[in-house]
Every structure is written in structure tokens, then in C-alpha cells.
Amino acid sequence: MKRTLLSALLTGVLVYAATPVSAATDTVKPAITILATGGTIAGSSASNTDTTDYKAGSLGIDVLMKAVPEMNDVATVKGEQISNTISGNISSSILLTLSKRINGLLGSEGQQGVVITHGTDTIEETAFFLDLTVKSDKPVVLVGAMRPATAISADGPMNLLEAVTLAADSKAQKRGVMVVLNDRIGSAFYTSKTNSTTLDTFKAYDPGYLGVFVSGKPKFYFTPAQPVDRNFFDVSKLNDLPPVEILYSYQDQLPAMLDAAVQSGAKGIVIAGSGNGNVSSKMEQAIKQLSEKGVPVVMSARTGSGYVSTKSFAIGAGFLNPQKSRILLQLALASGADLKQTAQYFDSQR
Ligand code: ASP
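Remember, predicted model here, so these are calculated numbers, not experimental data.

**Section: the site of the ligand**
Inference 1: Within the structure, the ligand sits among G39, T40, Y54, I86, S87, G119, T120, D121 and A145.
Inference 2: D121 is positioned with one of its backbone polar atoms (N or O) 3.0 Å from an oxygen atom of the ligand.
Inference 3: Within the contact set of the ligand, an oxygen atom lies 3.3 Å away from a backbone nitrogen or oxygen of A145.
Inference 4: Out of a free accessible area of 260 Å², the ligand has 90% covered by protein chains.

Here it is as C-alpha cells:
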């Protein structure tokens, strides 16, 4: 049976309005701001079984907030629309806007935390960028959904409630930026999207999750900790980030693709290499020549997890996957780091 978006939302609002509201207390609720950027969590479709061809980024933050009145029980929530688009359209300029706004909000004493609604496709890039550029112990939580708001069993409303609950929880402080979906709490540094369509797509294969939601409450596995190689970059004066391209590696890869990237404006290159960041001998030679000309090349892995060590001809990405390596290389270039300093950013454990 098909339902229109309006009737689906109205049903949701009526059901939510009928749920009991907790008794008023005189304690002040934590102030949380939701910065909305779009994605499937704000997606809609004419069909309630459509989970692939819907329009992501079509509902505004006011609609998302109205669908989850329960968040008003845990926090005083405000919403701001930063963009409303698929996450493939999130640009350096939007990243910088987000980071500056979050640093500004969290700098104010009354603000407890920030939630960012985002498309899941590139949520890990934004989360990682914010992890390296927000200077605060207060919680910053990214949240998305795998099913649009109009789908049967849409996951967005519960995910959003959990994200706001987490941001409002004092136990969530000093844990870096976090990602919440499917009842799981992951660190922005390590969490990655691993499946193109399923609800349990977000994983951090070796490091694992930070915690889990049980009946609306966050339960952490560990006391607060920081990723070993996490650095801080001040982006308050930046209006753009240097372009960095990612090249996926495979048998018989053409070294000419490196030159094509540089000629197109890339100031640095990340290679999604095979195994421990490996490429063919011809590619190695071409990468070495590029590094000697001062263009930093970072070897990451197309494996989806694991560590990439530094090579004689290029920087190793350590534990960072190609898309996160690209963000770190952009920040290193923007900070004016030389090759040695850039290598240290990637693997300060060495
Ligand atoms: N499929 C995506 C999502 O889960 C769309 C996007 O990333 O914007 O939100």
C-alpha cells in the first residue's frame, strides 16, 4: 500500500503526540543544535518500499525535528539548515562552514553539544574532517539513515533521537567526533561505510565500536580515549582546501593517470593501493618522480581495513582509508607542512 509523504508524516506526528511526555522538572536541559546537511535521513519517495530511488536531501530540518518530539525530553534542541543535498555534493566549502559553526557554537558555555544530519555515503569524510578541526571536549555527533523518511521502518527518527541523546550526555565528552546509526556509536576517526545498502553498514573493523544504545540510553564499552594519530588543524582562517585526488590501483594501471591528476590541479595524491598500499614497479617509479618534484603521494589501501606502512617512494597512510587520507593530506597541505611533517601527521606512532 502506498502512502503519501504528508500522510506518513502526519501519522508519525499523531503517534508521537500520543506518547506520554515525562513530567516537567526544574532542571535545565542541555542545549543541542542540529546542523542539517541533507542525505537519506531527509529523503522522500512516493513509495514506502523504495529504499534506492528516493530523493535524498528533500525534507527540511523543521520536518525532521517535528517527527521526533521525544528529543525535547532530553534536550533543548534548535535546528539550522546548512545545506540540503546528497552527501556526494558536500564540498570543502561546506566542510569549512560546518567546522567554523561548530567551533563557534561549542565555544559558548551554554551549548552542550552539536548533531549533524548527513548523507551516509560520505559521512565518514565529514566526520573525520570535523574530528581534526573542532577544538572542544563537548560531543559532536554525526547521524544519517539508510532508509528515507517515507519508508516503512525508516531508521532516521530513532537514529536522530539517539544522536541528540548522545550529544546531551555528559559521558559522551572527550571522545572525539562520533557517528551514530543502527544503535551503534562509532569514532569518526575509524568508522567507515562498508555496505552500500544495508542498515548495519557502519563498522570500524579492527578498533570496534565505542558503544551501543540500549533502550534509548548510550552504553559505552570504554572510558574516554583519543585515537593515537589524531592531530588538530586550525581552519578558522581558511576559505578553501587544496585539491587532492584519489587514484584506485589495479593490475596494469597507467602511470600517466598521475600526471593527469596533477595537470588537473591536484596538489597531492592518494593511492588506493593493493594489500599494504602496493602498486606496480612502473607506478612506483612514477610516484617517486612525483614526490621528488614536491607533490606528496600517500599510499593507502583498497582493502577496506588494515595498516599501510611508509615506503621508500611515498608516505604510508597508517590506519587511514583512502577517503580519510585525502582529508588529512588536504589539511596538511593547507597548513603548509613539508613532506617530512606530512608523513608524521599520517603516522605519528612511528
Ligand atoms: N544514500 C545516501 C545516504 O544514505 C545518500 C547520501 O549520502 O546523501 O544518505
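Next, the rest of the story.
**Quick look at the sheet that holds strand β14 (residues 315-316)**
Inference 1: The strand order across the open sheet formed by four strands is β11-β12-β13-β14, and the pairing between neighbours is parallel. Pairing within the sheet leaves two strands with one partner each, and these edge strands are β11 (244-248) and β14.
Inference 2: Sheet strands touched by helix α9 (residues 322-334): β11, β12 (268-273) and β13 (297-301). Its angle to β12, the strand with the most contacts, is close to 160°.

**Some points on the pairing of β13**
Inference 1: Of all the five residues making up β13, five are buried; the element is thus mostly covered by neighbouring parts of the structure.
Inference 2: Burial along β13 is two-sided: V297, M299 and A301 facing one way and V298 and S300 facing the other are all buried.
Inference 3: Sheet analysis places β12 next to β13, joined by five bridges and oriented parallel. Directly across from G273, in β13, lies its bridge partner A301.
Inference 4: Handedness of the crossover joining β12 and β13 through helix α8 (residues 281-292): right-handed.
Inference 5: Two strands pair when backbone bridges link them, and β13 and β14 are joined in this way by two bridges, in the parallel orientation. Considered in β14, the bridge of M299 is made with G316.

**Concerning the nonpolar core**
Inference 1: Among the nonpolar cores identified, the biggest contains 45 residues, and I102, I116, F129, L130, L328, L331 and F346 are the most heavily contacted of them.
Inference 2: Put simply, the parts of the chain that give this core at least two residues each are α4 (92-106), β3 (111-117), α5 (123-133), β4 (140-143), β5 (178-181), α9 and α10 (339-346).
Inference 3: Element by element, the count of residues in this core is highest for α4, at seven residues.
Inference 4: Apart from residues no more than four positions distant in its own chain, L331 is found in contact with F129, L132, T133, F233, V235 and L241.
Inference 5: The next biggest cluster of nonpolar side chains, apart from the first, holds 32 residues, and it includes L64, A67, M71 and V180.

**Structural notes on the environment of S83**
Inference 1: Summarising the element assignment, S83 is placed in strand β2 (residues 76-85).
Inference 2: When neighbours within four sequence positions are excluded, S83 is seen to be in contact with A36, T37, G38, I90 and I94.
Inference 3: At 2.9 Å, the side chain of S83 forms a polar contact with the backbone oxygen of T37.

**Here's the deal with the sheet that holds β2**
Inference 1: A sheet is described by the order of its strands in space; here eight strands give the open sequence β2-β1-β3-β4-β5-β6-β9-β10, paired in mixed fashion. Each edge of the open sheet carries a strand with a single partner, namely β2 and β10 (217-220). Each neighbouring strand pair of the sheet contributes to a mean axis angle of 25°, computed without reference to strand direction.
Inference 2: Here strand β1 (residues 31-38) pairs with β2 via seven bridges, running parallel. Across the sheet, the residue bridging to I32 is V77, located in β2.
Inference 3: Contacts from α4 reach β1, β2, β3 and β4 within the one sheet, and its direction differs from that of β3 by about 160°.
Inference 4: The sheet contacts of helix α6 (residues 156-167) involve β1, β2, β3, β4, β5, β6 (184-187), β9 (211-214) and β10, and relative to β3 the element is tilted by about 155°.

**Observations regarding the confidence of the model for the protein chain**
Inference 1: Looking at the protein chain as a whole, its pLDDT mean stands at 92, while 92% of the residues score no less than 70.
Inference 2: Note that residues 1-25 has pLDDT below 50 and, in this model, 18 contacts with residues that lie over four places away or in other chains.

**With respect to empty space enclosed by the protein**
Inference 1: Inspection of every chain in the model, using the stated rule, returns two cavities of 30 Å³ or more.
Inference 2: There is about 280 Å³ of room inside the largest cavity.
Inference 3: In terms of lining residues, the largest cavity is bounded by 22 residues, among which Y190, G304, S305, G306 and F319 are the most central.
Inference 4: Among the residues making up the lining of the largest cavity, the classes are represented as ten nonpolar, nine polar and three charged.
Inference 5: Computed from the structure, the second largest cavity encloses a volume of approximately 60 Å³.
Inference 6: Lining the second largest cavity, in full, are V134, S136, D137, K138, P139, V140, K174, R175, G176, V177 and R230.
Inference 7: Residue classes in the lining of the second largest cavity are distributed as four nonpolar, two polar and five charged.

**Section: the packing of aromatic side chains**
Inference 1: Under the defined criterion, the tally for this structure stands at six aromatic pairs.
Inference 2: Judged by centre distance (6.5 Å) and plane angle (75°), the ring pair of Y190 and F319 falls under edge-to-face. Note that Y190 is positioned in the loop between β6 and β7 (192-193) and F319 in the loop between β14 and α9, a separation of 129 residues in sequence.
Inference 3: Taking the relative accessible area as the measure of exposure, F319 reaches 41% and is therefore partly exposed.
Inference 4: Three or more aromatic residues link up through ring pairs in this structure, and these residues are F128, F189, Y190, Y307 and F319.
Inference 5: The ring of F232 is capped by K135, whose NZ or CZ atom sits 4.4 Å from the centre of that ring.

Cut-offs and rules
Residues numbered from 1 in each chain as written. Predicted model: local features only at pLDDT ≥ 70, side-chain atom pairs only at ≥ 80, totals over all residues. Heavy atoms only, no water. Near = heavy atom within 4 Å. Polar contact = N/O pair within 3.5 Å; in protein donor to acceptor, adjacent residues only side chain to side chain. Areas by Shrake-Rupley, 256 points an atom, 1.4 Å probe, with all protein chains shown as cover. Pairing = 2+ DSSP bridges. Helix = DSSP H or I, 4+ residues; strand = E, 2+ residues; numbered from the N terminus. Contact = heavy atoms within 4.5 Å. Axes fitted to C-alpha atoms, helices over the stretch in contact; angles between N-to-C directions. Buried < 20%, exposed > 50% of the residue type's maximum accessible area, 1.4 Å probe, protein only. Right-handed = clockwise from strand over helix to strand, strands pointing away. Core = buried A, V, L, I, M, F, W, Y, C linked by side-chain atoms within 4.5 Å. pLDDT = per-residue confidence, 0-100. 1 Å grid on protein atoms, 1.4 Å probe; cavity = no way out; pocket = protein on both sides within 12 Å on 5 of 7 lines; lining within 4 Å. Points joined across faces, edges and corners; volume = space filled by probe spheres on them. Nonpolar A, V, L, I, M, F, W, Y, C, P; charged D, E, K, R; others polar. Phe/Tyr/Trp six-rings, centres within 6.5 Å; stacked < 30°, edge-to-face > 60°. Lys NZ or Arg CZ within 6 Å of the ring centre and 35° of its normal.

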